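Okay, here's what each chain looks like letter by letter:
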Amino acid sequence: MTSNTPSGHDPAELGELERGILGIVWRLGNVTAEQVREELDRPLKDSTIRTVLRRLEEKGYLAHAVDNRTFIYQPAESQRKVAARAVQRIVDWFCEGSVEELLVGLLDSKVVSRAELERLTRRVAAAKKQEGGKA
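Overview of the structure. (Residues numbered from 1 in each chain as written. Predicted model: local features only at pLDDT ≥ 70, side-chain atom pairs only at ≥ 80, totals over all residues. Heavy atoms only, no water.)

Take the nonpolar core next. Core analysis: the biggest nonpolar cluster contains 18 residues, and Ile21, Val36, Leu40, Ile49, Leu53, Leu56 and Leu62 have the highest contact counts within it. For this core, the secondary-structure elements that each account for two or more residues are helix H1 (16-28), helix H2 (33-39) and helix H3 (46-58). Considering each element in turn, this core owes the most residues, 5 residues, to H1. (Core = buried A, V, L, I, M, F, W, Y, C linked by side-chain atoms within 4.5 Å. Buried < 20%, exposed > 50% of the residue type's maximum accessible area, 1.4 Å probe, protein only. Helix = DSSP H or I, 4+ residues; strand = E, 2+ residues; numbered from the N terminus.)

Following this line, the structure appears as structure tokens:
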């Protein structure tokens, strides 16, 4: 199962319905249009769901396989990877490309606690140590 479109679409350009459907696919893994329709908290026509799924695939977020003429969709990119692209866009727009400025802002506004930042620092250090050990 592969996507025809390379990733790189700006996640900030996703609409509310696209984000909702993408969240369902990330949560469930492999889904049909019918399963997506059942999971949504608002009634939509089947054709609308199929159109949004097709557009998400064109944008590189989803891929599909066909099983007995039924399209089975799955994520083409992880939620974490898409979130990282969205955050990079925020860093570029509002922090002149400085991740440090973003982190200081998150601390100052109490979005991230000092304890969380320290935990993240330890995780980064551990990941670097593992990376260094493989070289």
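Having put the structure on the table, let's press on.
Together, Ile90, Trp93 and Phe94 make up an exposed nonpolar region whose accessible area comes to about 360 Å². When you line up the elements, tryptophan 93 lands in helix H4 (residues 79-94). (Patch = residues over 30% accessible without salt bridge, like charges linked within 9 Å, V, L, I, M, F, W, Y side chains within 5 Å. Areas by Shrake-Rupley, 256 points an atom, 1.4 Å probe, with all protein chains shown as cover. Salt bridge = Lys/Arg side-chain N within 4 Å of Asp/Glu carboxyl O.)

Quick look at the side chain of glutamate 18 now. Tracing the chain through its elements places glutamate 18 in helix H1. Here the side chain of glutamate 18 touches glycine 15 through a polar contact of 2.8 Å, landing on its backbone nitrogen. (Polar contact = N/O pair within 3.5 Å; in protein donor to acceptor, adjacent residues only side chain to side chain.)

What follows deals with the packing of aromatic side chains. Enumeration according to the criterion identifies 2 aromatic pairs in this entry. Judged by centre distance (6.1 Å) and plane angle (45°), the rings of phenylalanine 71 and tyrosine 73 are tilted. Ring centres of tryptophan 93 and phenylalanine 94 lie 6.0 Å apart, and the angle between their planes is 90°; on these two criteria the pair is classed as edge-to-face. (Phe/Tyr/Trp six-rings, centres within 6.5 Å; stacked < 30°, edge-to-face > 60°.)

When two helices pack together, their arrangement is given by the angle between their axes and by how far apart the axes lie. As a packed pair, H1 and H3 sit with axes 10 Å apart at the nearest point and diverge in direction by 80°. Taken together, the axis directions place H1 and H3 in an arrangement best described as roughly perpendicular. Of the residues in H3, those in contact with Leu17, Glu18, Ile21, Leu22 and Val25 of H1 are Thr48, Ile49, Val52, Leu53, Arg55 and Leu56. Looking at the contact of H1 with H3, its residues break down into 8 nonpolar, 1 polar and 2 charged. (Axes fitted to C-alpha atoms, helices over the stretch in contact; angles between N-to-C directions. Parallel < 35°, antiparallel > 145°, perpendicular 65-115°, else oblique. Contact = heavy atoms within 4.5 Å. Nonpolar A, V, L, I, M, F, W, Y, C, P; charged D, E, K, R; others polar.)

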